[in-house]
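# Coordinates in review
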Amino acid sequence: MKKQILFLALLTSLVVRAQQPVVNGSFQLDAQAYVTDAAIGITDSALAGQRSGFNGFGNVVINWGDFRAGMRYEAFLPPLRGFDPRLEGNGFANVWLNYRTDFAEITAGNFYEQFGSGLLFRAYEEWSLGFDNSLNGLKLQVYPTKGVVLKGVYGSQRYFWQPYTRNSRGLVRGLDADFNLNELIPERENAPWRLSLGMSGLSKYQRDADPIYVLPENVGGWAGRFTAGWGNFILAGEYATKINDPGAVNNFIYREGRAALASLSYATRGFGAVLQLKRVDNMGFKSDRTQLGNALDINFIPPLNRIHAYSLTGKYPYATQVNGEMGLQLQLNYKIPRNSLLGGKYGTSVAINFSQVNDIVRQPVNDTTPIGQDGSEGYKSKFFAVSDHVFFRDLNVEIDKRFSSRLKGVFQYMNLHYDIATLQGHAGEEAVEAHIGLADLTYRIDTRKTIRMEAQLLLTKQDLGDWAALMAEYTIAPKWFVSVSDQYNFGNPDNAMRKHFYTVAAGTNRGATRLALSAGRQAEGVVCVGGVCRQVPASSGLTLTFSTSF
C-alpha cells in the first residue's frame with residue numbers, strides 16, 4: 001500500500017508541474033442487500049451469514065505530454081454472491097506508468113495486451129465476471145517504420161490479491177510482430193487489396209516441484225495470422241500451438257495444444273454475411289499448472305456464437321471448451337428496402353444466425369492406455385475429424401421493424417440445443433432442447449416519454465422446464481426510467497418450484513452518470529462473457545448500481 005501511496009503522490013506532483021494535464025477515468029459500485037426467501041431456497045444457511053455484498057472500483061488516467069499514468073482501486077467487501085470469494089479485499093489492483101514517442105512506447109506496472117485474437121496471449125479485465133489476468137511487469141512496443149509494430153511483454157499475472165513471490169506462479173514472456181503490407185510498401189498503399197500479417201511467440205516459466213511427474217518448466221507457444229481484403233470480401237485466419245503442458249485443466253497429459261480460427265466476410269449495401277470456423281485441441285494455457293476455473297489464464301479462445309441480450313435467449317450461454325471443440329458460425333444480415341411489399345414505409349432488417357460447436361474426435365494412443373490417462377500423451381486426434389457429440393447449437397432469426405414514427409419492434413425466434421452436462425457441469429442431465437420466442441415493442445409517447453414492453457417464452461422439457469418473462473419500462477428522457485419485470489418458471493417439473501422472479505427497478509441518468517435501484521428476486525443461472533462464465537446463485541433483496549466517467 002505504501003508503494004501505491006508514493007506512486008499517487010508522484011502522479012499528483014507531475015500533474016501539478018505539467019502545463020496542461022488531461023485527467024479522465026471512471027467509477028462504479030454495485031451493492032446488494034440479501035434477504036431470506038424460503039420460497040426459492042434462500043435460507044439463513046444458504047446465505048451463510050452474508051447479508052450484503054459490495055463490488056466497486058475507481059479508475060483514473062492522467063495524460064501529460066509523452067507520459068501517461070493510471071491506477072485502479074478496487075473493493076470487494078465482501079464480493080457479491082456468485083463472484084469468486086478470493087476477490088474479497090480492497091486496494092490498488094492496477095498501477096502503471098507509460099512513456100511514448102513516435103518510435104517506441106514502454107509501460108511499467110500492470111497492463112493489458114493481446115496478440116492477434118488472443119489464441120496465444122490475452123491479458124484483459126471483465127468486471128461483470130470478476131476476471132482480471134493483467135500482467136505486472138514491463139511492456140515495450142516499437143514502431144520501427146510505418147506499417148510495422150513490434151511488442152514485447154514480461155511479467156507475472158494478477159492472482160486476486162496475492163502478491164507475486166518467486167515460484168508462487170509462473171512468469172509470462174512474449175513477443176509479437178504485426179506487418180501491414182499496404183503501409184509498409186508505399187507502392188501498394190492504394191492497391192485494391194489489403195493484407196496484414198502477424199506472428200507471436202510466448203513462453204511460460206514455472207518451476208517443476210511435482211512429486212510424481214517430470215514437467216516442462218518452460219512451456220513455449222507460437223502463432224501466426226493474416227487478414228486479407230479484396231473488394232467487399234475479407235478473409236482472416238490464425239493458428240496457434242504450444243508444446244506439451246501437463247496441468248490440472250487437461251488431467252496432466254503430455255500432449256501439444258493447437259487452435260485455429262478462420263473467417264470470411266462479405267458486405268455490400270443492405271446485405272452482410274460472415275462465416276467463421278474454429279478448432280481447439282488441448283489449448284488451456286495458465287501460468288500456474290495447478291489452477292482450474294477462471295484464474296491465471298494466459299490465452300483466450302474466442303466464442304463463435306451470438307451473444308444474446310434478452311434474459312431467456314441468454315439463459316443458456318455457451319462456455320468455451322479449451323480441451324477440445326470444433327465450431328462454426330454463419331451470420332446473415334439483410335435490409336429489406338423501404339417502400340417495398342415486405343419492407344414497408346421504413347424498411348425491415350432481418351438477421352439470421354446459426355452456430356454449432358461439437359467435440360473433437362479422440363482416439364487412444366495405443367491399445368493399453370485409456371484416452372486422457374494422466375501421465376500419457378492423452379490421445380490422438382485428426383485435425384478435420386468432428387465428433388457426433390454436439391455441445392451447443394443455436395439457430396435464431398431476428399426481425400427489426402419500424403411500424404410508424406412512434407412504434408417499432410424486435411421479434412426473435414431461437415432454436416437451441418445445449419449440453420448442460422458439459423457446459424454447466426450438471427452431470428447425467430439430458431441436453432436441453434428449447435424453442436424461445438420474444439417480442440420487444442417500443443412506443444414513443446412524445447418527444448420525451450417512451451414505453452417499452454418485452455414478452456418472452458422458453459419451452460423445453462429438460463432442466464427446469466418452461467419459462468415466461470414479461471417486462472415493462474417507462475422512460476422520461478433523458479433522465480428517468482422505471483421498470484417492472486417478472487420471470488415465471490411455469491413448467492418446472494416440480495410443482496412446488498413453479499416460482500415467480502419479479503423485479504422492480506428505477507434510476508436516473510445525468511450525462512455520463514447512472515444511478516439505479518432495484519428490488520426483487522434473481523433466478524439461479526450462468527453469466528458468460530466471451531465464453532468465460534461464472535455461476536450466479538438465486539438471490540432476493542435490493543441492488544444498487546452507480547457508475548460515472550469523466
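Given the structure is predicted, the values throughout are model-derived calculations rather than measurements. (Residues numbered from 1 in each chain as written. Predicted model: local features only at pLDDT ≥ 70, side-chain atom pairs only at ≥ 80, totals over all residues. Heavy atoms only, no water.)

### Quick notes on the nonpolar core
- By size, the foremost hydrophobic cluster in this structure holds 34 residues, and its most contacted members are Tyr316, Phe392, Leu416, Tyr418 and Leu458.
- For this core, the secondary-structure elements that each account for two or more residues are β20 (386-402), β21 (407-418), α4 (420-423), β22 (432-444) and β24 (467-476).
- Tyr418 has contacts with Tyr316, Pro317, Tyr318, Phe391, Phe392, Leu423, Gln424, Ala431 and Val432, leaving out every residue within four places of it along the chain.
- Counting 20 residues, the second-largest nonpolar core is a separate cluster that includes Phe111, Ala123, Leu202 and Phe285. (Core = buried A, V, L, I, M, F, W, Y, C linked by side-chain atoms within 4.5 Å. Buried < 20%, exposed > 50% of the residue type's maximum accessible area, 1.4 Å probe, protein only. Helix = DSSP H or I, 4+ residues; strand = E, 2+ residues; numbered from the N terminus. Contact = heavy atoms within 4.5 Å.)

### Thoughts on the pairing of strand β27 (residues 513-522)
- Strand direction decides the pairing type here: strand β26 (residues 500-510) and β27, joined by eight bridges, are antiparallel. Across the sheet, residue Asn509 finds its bridge partner in β27, namely Arg514.
- A loop of two residues connects β26 with β27, the two strands running antiparallel in sequence, and Gly511 in this loop sits at a positive phi of about 65 degrees.
- Relative to strand β30 (residues 539-549), β27 is paired through nine bridges, and the arrangement is antiparallel. Within β30, the position partnered with Leu517 by the bridge is Leu544. (Pairing = 2+ DSSP bridges.)

### A few points about the state of the cysteines
- Applying the stated criterion to the full structure yields one disulfide.
- Put simply, Cys528 and Cys533 are joined by a disulfide, and their sulfur atoms are 1.9 Å apart. Taking the sign of the S-S torsion, about 105 degrees here, the bridge from Cys528 to Cys533 comes out right-handed. (Disulfide = S-S within 2.5 Å.)

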